[in-house]
Amino acid sequence: MSFHRFPLSRPPASHALKRAKVANYVVQSCYDVDTRDHEDHTFSGIMFDMKCKDDLPLEYIEIHKVWVRGYLGPMTVWVTPNTFKGKRGKIREWKLVHKAKHKRSMQDLSPLEIKPCLRLRAGESIGIYIHSGLEGDMGIVYNNRRSRVTHEDPHMCIMPGLAHISDEPFSCNGFWGGGAWRYDREFVGRMTYGVKWMLWNPVQGVHGKFPKMFKQMVYTILMCHRRKESTLNKLPGVVLYYIFNMLPWDWAGQEDIKARITKFERNTRDTSHSYRRRFMNLSSDEEKCNDDDDDDDDEDYVDMDEDDGSSY
């Protein structure tokens, strides 16, 4: 339903055409999201993709911190536009956003502050590479891949990726001399990020991003406004538009969001190893950085006294 079907009761004043398009605060909501932690492996690095979703009316998300645990030491965080695929050995394709030495923290997650903050607009994605320059195989903790996505919420999703078993960033030479990259691995840790929301406006590209319940509320009030016997009819239509503009996106409720949450849970369920291989879809160029044997030299567990017999 388009808004030209709801004519305003009087022509809008010039200032009425200047409703804000986005919230005037920097970030309204801050979130800490933790990925699952099975303590599968430790080694030097993890590389993965992160996407800002576009099915809610958000303008962008800002990533402030990445949290990891392990022996840590000299830590760096790198980012690249769109995806890490095809770039894992190409340092010029990456931007350094964190470099510092961190104390050992095997039990608690340690924050790596991102400066400047990473800003992802709706629909955009980036590749993230977290690396420890500490010698040995205890730099950071990460998981075996267990599902289609590592983490998903209404704002963003974190995808599985690759582990790195070299204390030199982007190196193709592994700790034991072979290939340095291991497939089907997941980031273990936490992301701290904020969200900046769009404000409602009677524009198809904006109105359409709001939840179904919000849109139904707008239509219902505008239909009441057209009825002469309605109290709302006494208000100029631009006043209603200003009211809608100032309401948060979930003002009418979040019942229609619950179905999406159920979908997120399905996406993080276990999947078969063969499916995980197909989903990774690595290019032939990336294969050149690895030896043919994928027996996983990163099989050092956090708990060195237990071996659960997992297949790698």
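Residues numbered from 1 in each chain as written. Predicted model: local features only at pLDDT ≥ 70, side-chain atom pairs only at ≥ 80, totals over all residues. Heavy atoms only, no water.

J.: Before we move on, can you summarise the packing of helix α2 (residues 212-226) against helix α3 (residues 237-246) with the specific residues and values?
T.: Between α2 and α3, whose axes approach to 11 Å, the crossing angle comes to 165 degrees. Taken as axis vectors, α2 and α3 run roughly antiparallel relative to one another. As α2 runs across α3, the sense of the crossing is right-handed. Packed against α2, whose contacting residues are Phe 214, Val 218, Ile 221, Leu 222 and His 225, the element α3 presents Gly 237, Leu 240, Tyr 241 and Phe 244 at the interface. Counted by class, the contact of α2 with α3 contains seven nonpolar, two polar and no charged residues. (Axes fitted to C-alpha atoms, helices over the stretch in contact; angles between N-to-C directions. Helix = DSSP H or I, 4+ residues; strand = E, 2+ residues; numbered from the N terminus. Parallel < 35°, antiparallel > 145°, perpendicular 65-115°, else oblique. Left-handed = near helix turned anticlockwise from the far one by under 90°. Contact = heavy atoms within 4.5 Å. Nonpolar A, V, L, I, M, F, W, Y, C, P; charged D, E, K, R; others polar.)

J.: Hey, could you go over α3 for me, with residue numbers and the actual values?
T.: Taken together, the buried positions of α3 are Gly 237, Val 238, Leu 240, Tyr 241, Phe 244 and Asn 245. What you see down the axis of α3 is that its buried residues fit within an arc of 155 degrees, all on one side. Among the structural elements, α2 are those in contact with the buried residues of α3. (Buried < 20%, exposed > 50% of the residue type's maximum accessible area, 1.4 Å probe, protein only. Arc of directions from axis to C-beta.)

J.: Just give me the short version of the pairing of strand β13 (residues 181-187), but keep the residues and values in it.
T.: Taking burial as the measure, the seven residues of β13 include seven buried ones, the bulk of the element. As defined by bridge partners, strand β12 (residues 161-164) adjoins β13 across three bridges and the pair is classed as antiparallel. The residue of β13 that forms the bridge with Gly 161 is Arg 185. (Pairing = 2+ DSSP bridges.)

J.: Just give me the short version of the confidence of the model for the protein, but keep the residues and values in it.
T.: Per-residue confidence for the protein gives a mean pLDDT of 79; residues scoring 70 or more make up 72%. In the predicted structure, residues 278-288 sits below a pLDDT of 50 and forms 20 contacts with residues beyond four places in sequence or in another chain. With pLDDT under 50 throughout, residues 290-297 is counted as low confidence; its partners more than four residues away or in other chains account for 19 contacts. (pLDDT = per-residue confidence, 0-100.)

J.: Can you explain the packing of aromatic side chains? Please cite residues and give values.
T.: Going through the model one piece at a time under the given rule, you end up with ten aromatic pairs. Centroid distance Trp 94 to Phe 170: 5.6 Å. Interplanar angle 55 degrees. Geometry classified as tilted. Taken together, the residues span a long stretch of sequence, with Trp 94 in the loop between β5 (73-81) and β6 (95-102) and Phe 170 in the loop between β12 and β13 at a distance of 76 residues. For the pair formed by Trp 94 and Phe 170, the shared burial category is buried. Measuring from ring centre to ring centre gives 5.2 Å for Trp 200 and Phe 244, while their planes differ by 80 degrees; the resulting arrangement is edge-to-face. Of this pair, Trp 200 sits in the loop between β14 (190-197) and α1 (204-207) while Phe 244 sits in helix α3; the two residues are 44 residues apart in sequence, bridging distant segments of the chain. Its relative accessible area of 0% is what places Trp 200 among the buried residues. With a relative accessible area of 1%, Phe 244 lands in the buried category. (Phe/Tyr/Trp six-rings, centres within 6.5 Å; stacked < 30°, edge-to-face > 60°.)

J.: Describe α2, naming the residues involved and giving the relevant values.
T.: Taking 1.5 Å per residue as the helical rise, α2 with its 15 residues ought to reach 21 Å, and the 21 Å between its terminal C-alpha atoms agrees with that figure. Among all positions in α2, only Phe 214, Met 217, Val 218, Tyr 219, Leu 222 and His 225 are buried. The elements touched by buried residues of α2 are α1 and α3. (Expected span 1.5 Å × (residues − 1).)

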